Amino acid sequence: MGTIKLDWVFAIVLIVAGALLTAENLDPEPMVAVDPVLKIIALAGLTLVIAFIATLAAAMDRRKVEDYYFQLMTNGAIVGIVTTLFINLVWDLLYGPLRGDDVIAVMLASWSLGYFFYRVRGLNA
C-alpha cells in the first residue's frame, strides 16, 4: 500500500468526520431509552468482542503493511484517542455529555489530523 493511497483514505476520513459532525447537529436523531443493566452488559460484551477482533485485525494488518505505514496509522490513532478523551472531558464539564455521533466525528477527525501530523513531521516528531 503506497503512502499516497493512505493519505487519500485519511483525507476522506477527515471530510466524513466533518460531514458527520455537521449532519448530526443540524438534524439530531432522537435518543432511545435503554435499560441501564442491559446497556452495561451490551457495552461491556461488545467492547470485549470488538477489542479482540480489532487486535486480530491489527496483527493481520501489520503483517501486510510496511512498518512505517503501520506506525503512521497507530500514532495517529493514539492522537485521536487522547484528543477525543480530553475533548469529551472538557465538553462534559462545560455543557454535559457529547452524543455518540459527535464523539465518533471528533475521534475520526483527530485520528486523521494525527496521521497527517506524523506524515508531515515524521514519526520522531
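Residues numbered from 1 in each chain as written. Predicted model: local features only at pLDDT ≥ 70, side-chain atom pairs only at ≥ 80, totals over all residues. Heavy atoms only, no water.

J.: Got a sec to walk through the overall build of the protein? Specific residues and values, please.
T.: Regarding its fold elements, the protein presents four helices and zero strands. In the protein, the order of α-helices and β-strands from amino to carboxyl end is α-α-α-α. Seen along its three principal axes, the alpha-carbon backbone of the protein occupies a region of about 45 × 30 × 25 Å. Expressed as a percentage of its 125 residues, the buried residues of the protein come to 21%. (Helix = DSSP H or I, 4+ residues; strand = E, 2+ residues; numbered from the N terminus. Buried < 20%, exposed > 50% of the residue type's maximum accessible area, 1.4 Å probe, protein only.)

J.: So what about helix 4 (residues 100-121)? Which residues, and what values?
T.: The terminal C-alpha atoms of helix 4, which comprises 22 residues, lie 31 Å apart, in line with the 32 Å expected from a rise of 1.5 Å per residue. Listing the buried residues of helix 4 in full gives Asp102, Ala105, Val106, Ala109, Ser110, Ser112, Gly114, Tyr115 and Tyr118. Looking one or two residues beyond helix 4, the residue adopting positive phi is Gly122, at roughly 95 degrees. (Expected span 1.5 Å × (residues − 1).)

J.: An account of the packing of aromatic side chains is requested, with residue identities and associated values reported.
T.: Following the criterion strictly, the structure yields six aromatic pairs and no others. Ring geometry for Tyr115 and Phe116: centres 5.2 Å apart, planes at 75 degrees, overall edge-to-face. Overall, the relative accessible area of 0% leaves Tyr115 in the buried class. On the basis of relative accessible area, Phe116 is assigned to the partly exposed category, the value being 24%. Members of the aromatic cluster, each reached through a chain of ring pairs, are Phe10, Trp111, Tyr115 and Phe116. (Phe/Tyr/Trp six-rings, centres within 6.5 Å; stacked < 30°, edge-to-face > 60°.)

J.: An account of the pattern of salt bridges is needed here, citing residue identities and associated values.
T.: Inspection of the entire model under this criterion finds one salt bridge. Among the salt bridges present, the one from Arg119 reaches Asp7, with a minimum N-O distance of 3.0 Å. Linking Arg119 in helix 4 with Asp7 in helix 1 (residues 3-26), this pair joins segments that are 112 residues apart in sequence. (Salt bridge = Lys/Arg side-chain N within 4 Å of Asp/Glu carboxyl O.)

J.: Account for the nonpolar core, with residues named and values stated.
T.: With eight residues, the main nonpolar core is built from Leu6, Phe10, Tyr69, Phe70, Leu72, Met73, Tyr115 and Tyr118. When residues of this core are traced back to their parent elements, those giving at least two are helix 1, helix 3 (67-95) and helix 4. If one sorts the elements of this core by residue count, helix 3 sits on top with four residues. (Core = buried A, V, L, I, M, F, W, Y, C linked by side-chain atoms within 4.5 Å.)

J.: Tell me about the environment of Arg119, residues and numbers included.
T.: On the basis of relative accessible area, Arg119 is assigned to the partly exposed category, the value being 26%. Taking the C-alpha atoms as reference, Arg119 lies 9.2 Å from Gly76; in sequence the two are 43 residues apart.

J.: Describe the side chain of Ser110, naming the residues involved and giving the relevant values.
T.: Residue placement: Ser110 occurs in helix 4. For Ser110, a relative accessible area of 6% gives the class buried. A polar side-chain atom of Ser110 sits 3.2 Å from the main-chain carbonyl oxygen of Met107. If near-sequence neighbours (up to four positions away) are discounted, Ser110 is found in contact with Gly76, Val79, Gly80, Thr83 and Thr84. (Polar contact = N/O pair within 3.5 Å; in protein donor to acceptor, adjacent residues only side chain to side chain. Contact = heavy atoms within 4.5 Å.)

So far we have only geometry, and geometry alone does not tell us how the molecule works.
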